[in-house]
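# Structure assessment
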Amino acid sequence: VQLQAFGGGLVQAGDSLRLSCAASGGTFSGYGLGWFRQVPGKEREFVAHIRRSGGHTYYADSVKGRFAISRDNAKNMVFLQMNSLKPEDTAVYYCAADRNLILSTIGRAGSYKNWGQGTLVTVSS
């Protein structure tokens, strides 16, 4: 499956932003989906994951209560709603997908076979 993330931009602290990721070329509903982020000089960091059915979601502690991941299997889309943004949320955000994830590995970037190109989110203070 091919992924393309979009929706990043420059916002102020406290603002909201919604990232989208469009998928093509695969049976979308068969993939677990994740969002990761990365800043220069650091490893790619887990943000959120949603299971294939959309019934279960998981979040990094740093975004829990502020971010929400969702998916629309009919439209082959996954979203990341980001509220109460902080300067430390500034990063390139990536969407990722894999068909064979097990729960214990959803937070590891290396567990995902398919990646989008990334979209930059900058939060000013």
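The structure under discussion appears in the preceding block.
## Structural notes on the sheet that holds strand β8 (residues 77-82)
The four strands lie next to each other as β1-β3-β8-β7, forming an open sheet whose pairing is antiparallel. Looking at the sheet topology across the chains shown, the edges are occupied by β1 (2-6) and β7 (67-72). This sheet shows a mean twist of 15 degrees between the axes of neighbouring strands, independent of strand direction. Here β1 pairs with strand β3 (residues 17-24) via five bridges, running antiparallel. Counterpart to A5 in the pairing with β3 is C21.

## Side note on the pattern of salt bridges
One pass over the structure, following the stated rule, counts four salt bridges. Of the charged contacts in the structure, one is a salt bridge between R37 and D89, with a shortest N-O distance of 2.9 Å. Linking R37 in strand β4 (residues 32-38) with D89 in the loop between β8 and β9 (91-98), this pair joins segments that are 52 residues apart in sequence. By relative accessible area, which is 6% here, R37 ends up buried. Note on D89: relative accessible area 0%, which makes it buried. Close ionic contact of R66 with D89 constitutes a salt bridge, the shortest N to O distance being 2.8 Å.

## Examining the side chain of S20
Relative to the helices and strands, S20 is located in strand β3. Among the residues examined, S20 registers a relative accessible area of 8% and is labelled buried.

## Side note on the nonpolar core
Counting residues in hydrophobic clusters, the biggest one holds 36 residues, and the most contacted among them are W35, L80, M82 and Y93. Elements that contribute at least two residues to this core include exactly β1, β3, β4, β5 (45-50), β7, β8, β9 and β11 (119-124). The element that contributes the greatest number of residues to this core is β9, accounting for five residues. Apart from residues no more than four positions distant in its own chain, M82 is found in contact with D15, S16, L17, L19, R66, F67, Y93 and V121.

## Describing the environment of S62
Inspection of the secondary structure assignment puts S62 in the loop between β6 (57-59) and β7. For the pair formed by S62 and T90, sequence separation is 28 residues and the distance between their alpha carbons is 13 Å. With sequence-adjacent residues up to four places away left out, S62 is seen in contact with R37 and E45. Polar side-chain contacts of S62 include one of 3.4 Å to the side chain of R37.

## Remarks on the packing of aromatic side chains
Under the criterion given, the structure shown has five aromatic pairs. For the ring pair F36 and F46, a centre distance of 5.6 Å and an interplane angle of 70 degrees mean the geometry is edge-to-face. Residue F36 is found in strand β4, and its partner F46 is found in strand β5; the two are separated by 10 residues along the sequence. Measuring from ring centre to ring centre gives 5.1 Å for F36 and Y112, while their planes differ by 80 degrees; the resulting arrangement is edge-to-face. Of the two residues, F36 sits in strand β4 while Y112 sits in the loop between β9 and β10 (114-115), which places them 76 residues apart along the sequence. The residues F36 and Y112 share a single accessibility class, namely buried. Its guanidinium or amino end placed over the ring of F79, R18 lies 4.2 Å from that ring's centre, counting from NZ or CZ. Taking the ring centre of Y31 as reference, the NZ or CZ of R99 above it sits at 5.3 Å.

Cut-offs and rules
- Residues numbered from 1 in each chain as written.
- Predicted model: local features only at pLDDT ≥ 70, side-chain atom pairs only at ≥ 80, totals over all residues.
- Heavy atoms only, no water.
- Pairing = 2+ DSSP bridges.
- Helix = DSSP H or I, 4+ residues; strand = E, 2+ residues; numbered from the N terminus.
- Axes fitted to C-alpha atoms, helices over the stretch in contact; angles between N-to-C directions.
- Salt bridge = Lys/Arg side-chain N within 4 Å of Asp/Glu carboxyl O.
- Buried < 20%, exposed > 50% of the residue type's maximum accessible area, 1.4 Å probe, protein only.
- Core = buried A, V, L, I, M, F, W, Y, C linked by side-chain atoms within 4.5 Å.
- Contact = heavy atoms within 4.5 Å.
- Polar contact = N/O pair within 3.5 Å; in protein donor to acceptor, adjacent residues only side chain to side chain.
- Phe/Tyr/Trp six-rings, centres within 6.5 Å; stacked < 30°, edge-to-face > 60°.
- Lys NZ or Arg CZ within 6 Å of the ring centre and 35° of its normal.

That's the geometry; what it means functionally is another story.
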